[in-house]
Amino acid sequence: MEPSDLTPAEARVWAAFPRGTALDFRTSVDEDITLGADWGPERTLRAEVLTKLLLDGPREAGEIPALRIAGARITGPLYLLYGQVECTVSLLGCHLDDTPVLFGARLRRVYLGECVLPGLSAGTAVFDGDLSLEDCRVSGPVSLTGAQIAGTLTLDGAELGGPGGPRTAGGAGTSPDTGTSPGVGTRAGADAILELSRAHVGVALSARSLAAHGESRLDSLTTGGEIRLDAARFIRPGEIALSATGLQVGTFLSAVGLVAQGEVRLYGTTVGGTLNLANARLDNPTDTALHASNLTVGADLRAPGITAHGRVNLRGARIPGQLVLSQATLRHPGDVALRADGMVVGELWLRGPSPIEGTLSLRRTQAELIHAEPEAWPAEVRLDGLTYTGLAPHEPAGRRLPLLSRDADGYVPFSYEQLALAYRALGDDTAARTVQLAKQRRHRATLPPHAKAWGLLQDATVGYGFRPVRAAGWLFSLLLIGWIAYAVRPPRAPKAEEAPEFSPFFFTLDLLLPLVGLGQEGAYVPTGWTQTLSYGLILAGWVLATTIAAGVTRTISRQ
């Protein structure tokens, strides 16, 4: 291509390129770039001219070439398939009629700020600097599968796709081998509006206020720095909206205020620091809203104020710091709202204005501390195998016990033992005994009738050994009854000359205490109704002794 073949607008770009001079074709600062297809020849550039410049353009000694254009319409595909571009590419507020094809290319810094384009095909491309699509409007797929970006990938304020979902852009460049656009028309390009699978970003991925209408894939994406998805919107109702399976983040992932219509998938994701989902809104009411099984974070998972309509799955997550769900709204009525089975967490915060709607499953979960008022727990739980060191705030046992009766698995002995252990760790032995008594009463309901009767007797007399004062009360009452009865009607002595002096108090006590002889019971014989009373006192004494022994043995074995 010779300079004589260029239009006036292209000639300006050709002349400015060797010195890296910026050209601005805009007629106003607030023009509508979506109407760029109607711009005239005075601001229209052929993509083949730009391709020639980037691959083999003129150079001047002592100057640094660069393509810096604002407000231009670019017709035809910018076709850099496997090409090597040594200069900066900066397109600001430009309208591209066709999808740029950067598949397999090697470039330095590429800036496409505020541009309108039908897509981007840059699979396996290598960027030695940054790639920016800040505030872009992209109607079709952005494919960066396996791309290597040494600097920062910026998608702040970009809008990908539209309410109709991703579309394959027409008129894109075609591969000389297959006749198809690289990365466009494949499963990745056709199904995903944003494809970053297996890509590597050296510094950071910034996608604040991004709007993606269709599936966004970050599967196996790695970055040594951070990812920011604050106020981003991922729209794909009823399906996977954001898939980040195997994502690896070096420092932190911030998604404050993120909105997702569809499933957010963070299965097997690893974050070196904190994952922040504060005030996020996740909406997939008929299925899983957040799938983060086997998630690993280096510090905290912070999600205060999160709203999730659909299942939140944290099974097997590893969170050494805090899992904060304070002021959260978790709703999945009739199903599991929060599944965190097998999770290992430092502190779990469930405080909030309203309880979880749906089942909370914490089976085999390990936590150092659980912050949750009794009102924060849902109507149905699964807690078998849940271990924790402490509960906050400190509440009487009577406030915590109703939760254990709501376990979907029925009577779970381990849950009672764990709660009692937590109270003992706080030094509240009274509450621990209350929990143990509640456990025995709950267990009694599972026994056959004869065992239930024996349990009722132990409960009434000594509270299964956890209410020893009750046994003393029974003993004192029976002693008082016998004392009065035998004082009013003393028994006769068959051998009066050998009998000790009669004492109604010690006679009654001799009847009540089995295996203990005070010399009164064998020396005197009651008659009439007092004889019947003596049988009752003897039987009551044996029952009391047996239940006290059983209860004390049970209590000692718990210590």
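For clarity, every value in this text was computed on a predicted model and none was experimentally measured.

Enquirer: So what exactly am I meant to see when it comes to the packing of helix α1 (residues 8-16) against helix α2 (residues 47-56) here?
Expert: Packing of α1 against α2 leaves a shortest axis separation of 11 Å and a crossing angle of 10 degrees. By the angle between their axes, α1 is roughly parallel relative to α2. Across the interface between the two elements, E10, V13 and W14 from α1 touch V49, L50, K52 and L53 from α2. Partitioned by chemical class, the residues of the contact of α1 with α2 number five nonpolar, no polar and two charged.

Enquirer: Explanation requested: the pattern of salt bridges in the structure shown.
Expert: A side chain of one charge can pair with a side chain of the opposite charge when the charged atoms of the two come close. Tallying each qualifying case throughout the model produces 27 salt bridges. For R217, the salt bridge goes to E195, with nearest N and O atoms at 3.1 Å. Of this pair, R217 sits in strand β22 (residues 215-217) while E195 sits in strand β18 (residues 192-195), and the two are 22 residues apart along the sequence. Just as R217 is buried, E195 falls in that class too. The salt bridge partner of R363 is D341, with a shortest N-O separation of 3.9 Å. Of this pair, R363 sits in the loop between β38 (357-361) and β39 (366-371) while D341 is found in the loop between β36 (329-339) and β37 (344-349), placing the two residues 22 residues apart along the sequence. Take R363: its relative accessible area is 26%, and that puts it in the partly exposed class. With relative accessibility at 2%, the residue D341 sits in the buried group. Within this structure, E195, E215, R217, R236 and E239 form a network of salt bridges that share partners.

Enquirer: Looking at this structure, how should I read α1?
Expert: Each α-helix winds once per 3.6 residues, and so residues spaced three or four apart point in a common direction. Inspection of α1 places A9, E10, V13, W14 and A16 among the buried residues, and these make up the whole buried set. In this structure, the buried residues of α1 make contact with β1 (22-24), β2 (44-46), α2 and β3 (66-70).

Enquirer: What is the right way to look at the nonpolar core in this model?
Expert: In summary, soluble globular proteins display a tendency toward joint burial of nonpolar side chains. In this structure, I69, F127, L229, L282, L314 and W377 are the most contacted members of the largest nonpolar core, which totals 129 residues. In this structure, L478, F507, L511 and L512 belong to the second largest nonpolar core, which totals twelve residues.

Enquirer: How should I be thinking about the state of the cysteines in this particular structure?
Expert: Two cysteines, two sulfur atoms, one covalent bond between them: this is a disulfide. Counted according to the given criterion, the structure contains zero disulfides. Looking at the unpaired C94, the closest cysteine sulfur is the one in C115, lying at 4.8 Å. Judged by its relative accessible area of 0%, C94 falls in the buried class. When its relative accessible area of 1% is taken as the criterion, C115 is described as buried.

Enquirer: I'm lost on the environment of G62 in this one. Help?
Expert: Tracing the backbone shows G62 in the loop between α2 and β3. Using a relative accessible area of 81% as the deciding quantity, one classes G62 as exposed. Through-space distance from the C-alpha of G62 to that of P18 is 9.8 Å; in sequence the pair is 44 residues apart.

Thresholds, definitions, all that
Residues numbered from 1 in each chain as written. Predicted model: local features only at pLDDT ≥ 70, side-chain atom pairs only at ≥ 80, totals over all residues. Heavy atoms only, no water. Axes fitted to C-alpha atoms, helices over the stretch in contact; angles between N-to-C directions. Helix = DSSP H or I, 4+ residues; strand = E, 2+ residues; numbered from the N terminus. Parallel < 35°, antiparallel > 145°, perpendicular 65-115°, else oblique. Contact = heavy atoms within 4.5 Å. Nonpolar A, V, L, I, M, F, W, Y, C, P; charged D, E, K, R; others polar. Salt bridge = Lys/Arg side-chain N within 4 Å of Asp/Glu carboxyl O. Buried < 20%, exposed > 50% of the residue type's maximum accessible area, 1.4 Å probe, protein only. Core = buried A, V, L, I, M, F, W, Y, C linked by side-chain atoms within 4.5 Å. Disulfide = S-S within 2.5 Å.

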